Amino acid sequence: MLSTQLRAFHAVATTGGFTKAAESLNVTQPTISGQVRDLEQTYEVQLFHRRGRTVTLTETGHRLFATTQRLVAVEEEAREILDESRNLTGGVVRLGGDAPHHALPLVAAFRRRHPGVSVSLSIDNTDSLTRELLAYRIDIAVLCNPQVDPALHYLPLRTDPMVALCPAGHPWAQAQATGIAMTAFADQVLVLREPGSETRRVAERVLEDAGVVPGDWVEVATREGVHEAVAQGLGVGLVSSAEVSRDPRVVALPLDGVNAPFTECVVCLRDQRRRAAVKAFLAVTRLQAKAFATESNID
């Protein structure tokens, strides 16, 4: 924003006099005169020719006025941007999500309420998005089982159990198993997410707890990649039940004696949660979380 002295100079140059400039800025005439005089003395320049009540710009004054005109225009543009963001009639929310099917319903609900705000969405794993959030490169992240960090604010969205995902022609699917024991995975090719993925981390934990060491495995980035790999018969996966699509090529089966919930959360920096756009996104999340809870109770 313009300094007080530059603002005083610009007002005098615009109105053509100290009295009118004082009126436009709602200050006294001696105040304006003193601010312009201080500016001239500080830089040892003369900005106005003073002839009684009449003032005209010097050559230096003309050059400075051309600059303050641009500064005032930029300042006004900045104020408009700030007002748009505050009133949610403009601006951009930078969102990161670990899966489109969790993030996009939130984006749709947010845009219905605030169509003037644009949303950019990047998809990555939990670890990468957490780093992006802490580095202020994104504003909000939709993450599974995020690690607790005092710099972050968390709002739970939904919780889903882990299930076994297998091809439709797999013996488990053919037998219509009602509960797969973790020890059964020792004889299977496992389809796993990449390191840094929370799905991968939970899968490794439950396998270790069961004392199972996979004999063979296939690593695939993204949840959609795991789903397609299983559909193509490359192996069986361990995924959140929320990730299972209505695809006749795959079957999701419950796990026996496994308590490994996936809790999807909307996360932002604690010091950013009162920003208008972030606050509005959190409000939409609360509504969506209530809807999910209602659906779970009905089920």
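Just above sits the structure.
Residues numbered from 1 in each chain as written. Predicted model: local features only at pLDDT ≥ 70, side-chain atom pairs only at ≥ 80, totals over all residues. Heavy atoms only, no water.

Participant: Hey, could you run me through the packing of helix H1 (residues 4–15) against helix H3 (residues 29–43) in this one?
Facilitator: For any two helices packed against each other, one specifies the crossing angle of their axes together with the interaxial distance. Where H1 contacts H3, the two axes come as close as 8 Å, and the packing angle between them is 110°. Looking at the two axes, H1 sits roughly perpendicular to H3. Our pair here, H1 against H3, has a crossing hand that is left-handed. In this structure, H1 uses Thr4, Gln5, Leu6, Ala8, Phe9 and Val12 to contact H3, whose residues at the interface are Ile32, Gln35, Val36, Asp38 and Leu39. (Axes fitted to C-alpha atoms, helices over the stretch in contact; angles between N-to-C directions. Helix = DSSP H or I, 4+ residues; strand = E, 2+ residues; numbered from the N terminus. Parallel < 35°, antiparallel > 145°, perpendicular 65-115°, else oblique. Left-handed = near helix turned anticlockwise from the far one by under 90°. Contact = heavy atoms within 4.5 Å.)

Participant: Looking at this structure, how should I read helix H8 (residues 198–209)?
Facilitator: Residues spaced three or four apart along an α-helix point in a common direction, a consequence of the helix completing one turn every 3.6 residues. End to end, H8 covers 16 Å across 12 residues, agreeing with the expected 16 Å (1.5 Å per residue, within 8%). Restricting attention to buried positions, one finds in H8 the residues Glu198, Thr199, Arg200, Val202, Ala203, Val206 and Leu207. Its side-chain oxygen 3.1 Å from the backbone nitrogen of Thr199, Ser197 forms the N-cap of H8. Gly211 sits one or two positions beyond H8 and adopts a positive phi of about 70°. (Expected span 1.5 Å × (residues − 1). Buried < 20%, exposed > 50% of the residue type's maximum accessible area, 1.4 Å probe, protein only. Polar contact = N/O pair within 3.5 Å; in protein donor to acceptor, adjacent residues only side chain to side chain.)

Participant: Looking at this structure, how should I read the sheet that holds strand E5 (residues 140–144)?
Facilitator: Where strands meet in a sheet, backbone hydrogen bonds hold them as pairs that are either parallel or antiparallel. With mixed pairing, five strands are arranged side by side in an open sheet as E4-E3-E5-E12-E6. Two strands bound the open sheet, and with one partner strand each, they are strand E4 (118–123) and strand E6 (152–160). Mean inter-strand twist for the sheet, computed between neighbouring axes without regard to direction, equals 20°. As paired elements, E6 and strand E12 (residues 262–269) share eight bridges and run antiparallel to each other. By the bridge assignment, Pro156 is partnered in E12 with Cys265. Lying on the sheet, helix H6 (residues 126–134) is in contact with strand E3 (92–97), E4, E5, E6 and E12; it crosses E5 at an angle near 155°. (Pairing = 2+ DSSP bridges.)

Participant: Please clarify how the nonpolar core should be interpreted in this entry.
Facilitator: One broad trend across soluble globular proteins is that nonpolar side chains are buried collectively. Ranked by size, the top nonpolar core spans 23 residues in total, and within it Leu95, Phe110, Ile140, Val266 and Phe281 carry the most contacts. If you list the elements that add at least two residues to this core, you get E3, helix H5 (100–113), E5, E6, E12 and helix H10 (276–298). If one sorts the elements of this core by residue count, H10 sits on top with eight residues. When sequence neighbours within four positions are dropped, the list of residues in contact with Phe110 reads Val93, Val117, Val119, Ala277, Ala280, Phe281 and Val284. Of all hydrophobic cores here, the second largest spans 22 residues; its members include Phe185, Val206, Val236 and Phe262. (Core = buried A, V, L, I, M, F, W, Y, C linked by side-chain atoms within 4.5 Å.)

Participant: What exactly am I supposed to notice about the side chain of Arg193 here?
Facilitator: Along the polypeptide, Arg193 turns up in the loop between strand E8 (189–192) and H8. A residue is classified by how much of its surface remains accessible, and Arg193, at 5% relative accessible area, is buried. One polar contact links Arg193 to Glu194, side chain to side chain, over a distance of 2.9 Å. Excluding its chain neighbours within four sequence positions, the residues that come into contact with Arg193 are Asn125, Thr199, Arg200, Glu219, Val220, Ala221, Thr222, Arg223 and Val226.

Participant: I keep staring at a nonpolar patch on the surface and nothing clicks. Help me out?
Facilitator: A cluster of nonpolar side chains, Leu104, Leu121 and Ile123, forms an exposed patch at the surface whose accessible area comes to about 230 Å². Tracing the backbone through its elements, the reader meets Leu104 in helix H5. A residue is classified by how much of its surface remains accessible, and Leu104, at 44% relative accessible area, is partly exposed. (Patch = residues over 30% accessible without salt bridge, like charges linked within 9 Å, V, L, I, M, F, W, Y side chains within 5 Å. Areas by Shrake-Rupley, 256 points an atom, 1.4 Å probe, with all protein chains shown as cover. Salt bridge = Lys/Arg side-chain N within 4 Å of Asp/Glu carboxyl O.)

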